[in-house]
Amino acid sequence: MSVTRAKQRQAQDRINQAASLAKSLAKPFGGWIATFQEAIGMNAPALAERLDVSRNTIYASIRNEQAGAISLNQLEKIAEAMGGRLVYAIVPREGPVEEIVLAQARTKARRIIQRTRAHMALEEQSEGLRSEAEMVEDLAADIIREGRRDFWQ
């Protein structure tokens with residue numbers, strides 16, 4: 001196994017582990033800032049004082065988080081002021097990360113197979129070919145194994 005392939009495998013394992021943990025971490029209704037404040041019993045004036053900002057700034061941060069408009073930097077500062085830490089990850093919507101790679105490989109393979117079959121039909125050479133699904137799966141595996149630079153194009 002090449003170094004690149006080993007690094008990719010390690011990254012996939014890390015993403016899959018994060019994905020399994022993230023399933024139980026749905027964003028609370030009021031957002032993480034308000035939920036953490038409630039959990040530790042810290043009100044907005046106390047948090048504002050720790051951050052050396054106004055209460056209105058804290059309320060605006062809570063609204064921004066709920067709207068998805070808060071920066072990671074700001075969220076991290078607020079978390080630290082409450083004695084917490086920010087944790088974030090990018091994980092697959094569903095299934096393991098390898099499924100994303102396989103879906104892309106299948107898409108590329110399907111395009112190649114369809115072009116090839118069209119040319120063969122024009123030359124009347126399509127008789128006796130394996131099923132398109134079989135050919136796509138085989139070619140997709142080859143594409144993944146090759147690790148081509150144009151994989152995501």
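Everything below is about the structure shown above.
Residues numbered from 1 in each chain as written. Predicted model: local features only at pLDDT ≥ 70, side-chain atom pairs only at ≥ 80, totals over all residues. Heavy atoms only, no water.

A.B. asks: Could you give an account of unusual backbone geometry, with specific residues and numbers?
C.D. replies: Its identity is not glycine, yet aspartate 52 carries a phi of approximately 60°, on the positive side. Tracing the backbone shows aspartate 52 in the loop between α3 (44–51) and α4 (55–67). (Helix = DSSP H or I, 4+ residues; strand = E, 2+ residues; numbered from the N terminus.)

A.B. asks: Tell me about the side chain of lysine 108, and please be specific about residues and values.
C.D. replies: Inspection of the secondary structure puts lysine 108 in helix α6 (residues 97–122). Despite its burial, lysine 108 remains without a salt bridge, the nearest opposite charge being carried by aspartate 150 at 4.1 Å. Leave out the neighbours within four places in its chain, and lysine 108 touches Ile143, Asp150, Phe151 and Gln153. (Buried < 20%, exposed > 50% of the residue type's maximum accessible area, 1.4 Å probe, protein only. Lys, Arg positive; Asp, Glu negative; His and termini not counted. Salt bridge = Lys/Arg side-chain N within 4 Å of Asp/Glu carboxyl O. Contact = heavy atoms within 4.5 Å.)

A.B. asks: Give me the environment of alanine 18: which residues, what numbers.
C.D. replies: Looking at the element boundaries, alanine 18 is found in helix α1 (residues 3–22). On the accessibility criterion, alanine 18 (23% relative accessible area) is partly exposed. Sequence-wise, alanine 18 and isoleucine 40 are 22 residues apart; in three dimensions their C-alpha atoms are separated by 26 Å. Apart from residues no more than four positions distant in its own chain, alanine 18 is found in contact with Ala89 and Val91.

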